[in-house]
Amino acid sequence: DIAEESMTVVDGDEGAEDVQRPGPPDRLPRRRAREMTHIVMAGQRGEAAEVQQLAERLAGTGTLTAQERNATRVAGSFAAYASAGDGSDSLSLAWWPRPFPGNFGDWLSPFLLQRLTGRRVLFQPPAAVTEAPHLVMIGSIGRFVQSGSVVVGTGVSEAATRVNPAAHFVSLRGPLTAAAVRNAGGPQVESFGDPGLLLARLLPITRAATNGRLALVRHHAHAELPVTVPEGMDEHSVLASGPDEIIKLVSTLSEYDGVVTSAMHVMIACHSYGIPCAPVTFNGYVSAVPGGAMPYRDYSLGADLDEVWTPEPVELDLRTIDWRSRLRSCVVAGAKLDEIEAAVLRGVKEYDVAAEEYEDDHDEDDDDGDV
């Protein structure tokens, strides 16, 4: 599956169904596909040196394709989270890893969890069935939670999403997701807030004099649209997964007067740092991002914002708009940030308890099977 991901383009994001378009006509040889699988799996195990060795060996067999470069890059990101830490027990976390080399908003989950706890973060594929305890945090991946999930700040992209009511819900992104949980027979959850808002707390950046320009960051589903960018605006890719990549993107955005974006978690990052921003979507392509305005409304209500932030549809020619008049700033209350941070830490504690009980139960099963 990992190799197949590297060779195909995947539509949608954390809340979308897995829709794959056929890969390029010159599909990669099976041997090179297996090499990519080994590279990504080594990254997920935290074997950074093995990733480097395998990547060099693959590069020695010929020029790497874009898919191969993306697979190698995401392997390094997996390894960074799975190998760093203070030696404490690792944390198992489900997040949406695609499209390779990784979408900023989805990869905020391991980034923030590691910075808050200092522990290694191991990848739990969100769609893989497991009884083992694992955390679920940032993203509209509520439809993937399982009985062993410890849910902190997660959302859904549609009100009718089916959510496993047996999961352990510590907090949710907002009240719209909470209604979906209740409708599915789950508990009443009253703690809200997207953990992405903790970014400025866990990655302090001094926002000094700005560069007099605007930044554009498109949702990856909008990346191929023929957008015309005006003078005074620079575009930056939303594809950032490793710690260094995320730090670089956030640091870069902080240098601008403001940010225009169709990616919700780029907007949330701007809210965290107080960077003026303008959330947009594109006429004719609104449905390219699952959920439309619903996740934005859920986020805004859950964060106790003074207004509901939703993306404004605009034409592909961005030169026709006075962007500086569209920029707005947002300040999230310290009490709300305290609530979100406390929820994440509570989720980690409850994960630790569940993981220990799970390990003890399986140790007993192993003992019972001894002859």
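Not measured: the values here are computed from a predicted model.

Draft legend 1. View of the sheet that holds strand S3 (residues 91-94). Strand order in the open sheet made by the 5 strands is S4-S3-S5-S6-S7, with parallel pairing throughout. In this open sheet, the two edge strands, each paired with only one partner strand, are strand S4 (121-123) and strand S7 (168-169). Of the pairings in the sheet, the one linking S3 to strand S5 (residues 134-136) comprises 2 bridges and is parallel in character. Of the residues in S5, the one forming a bridge with alanine 94 is valine 136. The sheet strands contacting helix H5 (residues 104-117) are S3, S4 and S5, and the helix crosses S3 at an angle near 155°.

Draft legend 2. Looking closely at the pairing of S3. Side-chain alternation along S3 places Leu91 and Leu93 on one buried face and Ser92 and Ala94 on a second face that is also buried. Traced from S3 through H5 to S4, the parallel crossover comes out right-handed.

Draft legend 3. A look at the side chain of histidine 265. With respect to the helices and strands, histidine 265 occurs in helix H9 (residues 264-273). Given a relative accessible area of 6%, histidine 265 falls into the buried group. Dropping the residues within four chain positions of it, histidine 265 is found in contact with Phe104, Gly105, Leu108, Ile138, Gly139 and Asp194.

Draft legend 4. Main features of the packing of aromatic side chains. Tallied over the full model, the rule gives 7 aromatic pairs. On the basis of an interplanar angle of 40° and a centroid distance of 6.0 Å, the ring pair of phenylalanine 78 and tryptophan 95 is categorised as tilted. Residue phenylalanine 78 is found in helix H4 (residues 66-83), and its partner tryptophan 95 is found in the loop between S3 and H5; the two are separated by 17 residues along the sequence. One exposure class covers both phenylalanine 78 and tryptophan 95, and it is buried. Ring geometry for phenylalanine 78 versus tryptophan 107: centroids 5.0 Å apart, planes at 55°, classification tilted. Of this pair, phenylalanine 78 sits in helix H4 while tryptophan 107 sits in helix H5, and the two are 29 residues apart along the sequence. Given the relative accessible area of 3%, phenylalanine 78 is considered buried. Site record: aromatic cluster; members linked through ring pairs are Phe78, Tyr81, Trp95, Trp107 and Phe123.

Draft legend 5. Structural view of the confidence of the model for the protein. Residues at a pLDDT of 70 or more form 90% of the protein, whose mean pLDDT is 90. Confidence over residues 1-26 falls short of pLDDT 50; this stretch has 64 contacts with residues more than four positions distant or in other chains.

Draft legend 6. Focus on the pairing of strand S11 (residues 277-282). Judged by how many residues are buried, S11 sits mostly within the fold: 6 of 6 residues are covered. Where burial is concerned, the two faces of S11 agree: the one with Cys277, Pro279 and Thr281 and the one with Ala278, Val280 and Phe282 are both buried. Inspection of the sheet shows strand S10 (residues 258-261) paired to S11 by 3 bridges, in the parallel sense. Residue pairing in the sheet places valine 259 in a bridge with cysteine 277 of S11. At this point the chain moves from S10, through H9, to the parallel S11, and the crossover so formed is right-handed. Between S11 and its parallel partner strand S12 (residues 312-314), the chain crosses via helix H10 (residues 294-302), and the hand of that crossover is right-handed.

Draft legend 7. Spatial organisation of the pattern of salt bridges. Per the stated rule, a full pass over the model turns up 16 salt bridges. A salt bridge links arginine 57 to glutamate 35; its shortest N-O distance comes to 3.3 Å. Placement of arginine 57 in helix H3 (residues 48-59) and of glutamate 35 in helix H2 (residues 30-44) is noted, with a sequence separation of 22 residues between them. For glutamate 35, a relative accessible area of 14% gives the class buried. One salt-bridge network, in which partners are shared between bridges, spans Arg201, Asp338 and Glu341.

Draft legend 8. Fine view of the sheet that holds strand S9 (residues 233-235). Strand order in this open sheet of 5 strands is S9-S8-S10-S11-S12, and the pairing throughout is parallel. Looking along the sheet, the strands with just one partner apiece sit at the ends: S9 and S12. When strand polarity is set aside, the average angle formed by the axes of neighbouring strands in this sheet is 35°. Where S11 and S12 come together, 3 bridges link them in parallel fashion. From the neighbouring strand, threonine 281 faces S12, where its bridge partner is proline 313.

Draft legend 9. Structural view of the side chain of serine 149. Residue position: serine 149 is located in strand S6 (residues 149-151). For serine 149, a relative accessible area of 1% gives the class buried. One polar contact links serine 149 to histidine 134, side chain to side chain, over a distance of 2.8 Å. For serine 149, the side chain forms a polar contact with the main-chain nitrogen of glutamine 146, separated by 2.7 Å. Apart from the residues lying within four places of it in its own chain, the contact partners of serine 149 are His134, Val136, Ala167 and His168.

Draft legend 10. The packing of H3 against H4, seen in detail. Their axes nearest at 9 Å, the elements H3 and H4 cross at an angle of 170°. Here H3 is positioned roughly antiparallel relative to H4, judged by the angle of their axes. Between H3 and H4, the contacting residues are Ala48, Val51, Ala55 and Leu58 on the first element and Glu68, Thr72, Ala75, Gly76 and Ala79 on the second. When the residues that make up the contact of H3 with H4 are grouped by side-chain class, the tally is 6 nonpolar, 2 polar and 1 charged.

Criteria and cut-off values
Residue numbering note: each chain is counted from 1, following its sequence as written. Per-residue local features are limited, in this predicted model, to residues with pLDDT of at least 70; the limit for side-chain atom pairs, both in listing and counting, is 80 or more; totals at the level of whole chains, interfaces and linings are taken over all residues. Excluding hydrogens and water, the side-chain values take into account all heavy atoms of the structure. Strand pairing is defined by DSSP finding a minimum of two bridges between the two strands. Numbering goes from the N terminus for both helices and strands, where a helix is a DSSP run of H or I of at least four residues and a strand is a run of E of at least two. Throughout, a contact is declared for two residues whenever any of their heavy atoms are within 4.5 Å. Every angle, taken between N-to-C directions, lies between 0 and 180 degrees, and every axis is a line fitted to C-alpha atoms, over only the stretch in contact when it is a helix. Exposure is judged per residue with a 1.4 Å probe applied to protein chains only, and the accessible area is read against the type maximum: over 50% gives exposed, under 20% gives buried, and values in between give partly exposed. Convention used here: a crossover is right-handed provided that the path from the first strand, over the helix, to the second strand proceeds clockwise when the strands point away from the viewer. Only Phe, Tyr and Trp rings are paired, with Trp represented by its six-membered ring, and only when their centres lie within 6.5 Å; those with planes under 30 degrees apart are stacked, over 60 edge-to-face, the remainder tilted. Values of pLDDT, which run from 0 to 100, indicate the predictor's confidence residue by residue. Take a side-chain nitrogen of Lys or Arg and a carboxyl oxygen of Asp or Glu: if they are within 4 Å of each other, that pair is a salt bridge. N or O atoms closer than or at 3.5 Å make up a polar contact, with two conditions inside protein: a donor-capable atom paired with an acceptor-capable one, and, for residues adjacent in sequence, both atoms drawn from side chains. Relative orientations are named as follows: roughly parallel for angles under 35 degrees, roughly antiparallel for angles over 145 degrees, roughly perpendicular for angles from 65 to 115 degrees, and oblique for any other angle. By the convention adopted, Pro, Cys, Tyr, Trp, Phe, Met, Ile, Leu, Val and Ala count as nonpolar, Lys, Arg, Asp and Glu as charged, and the other residues, Gly among them, as polar.

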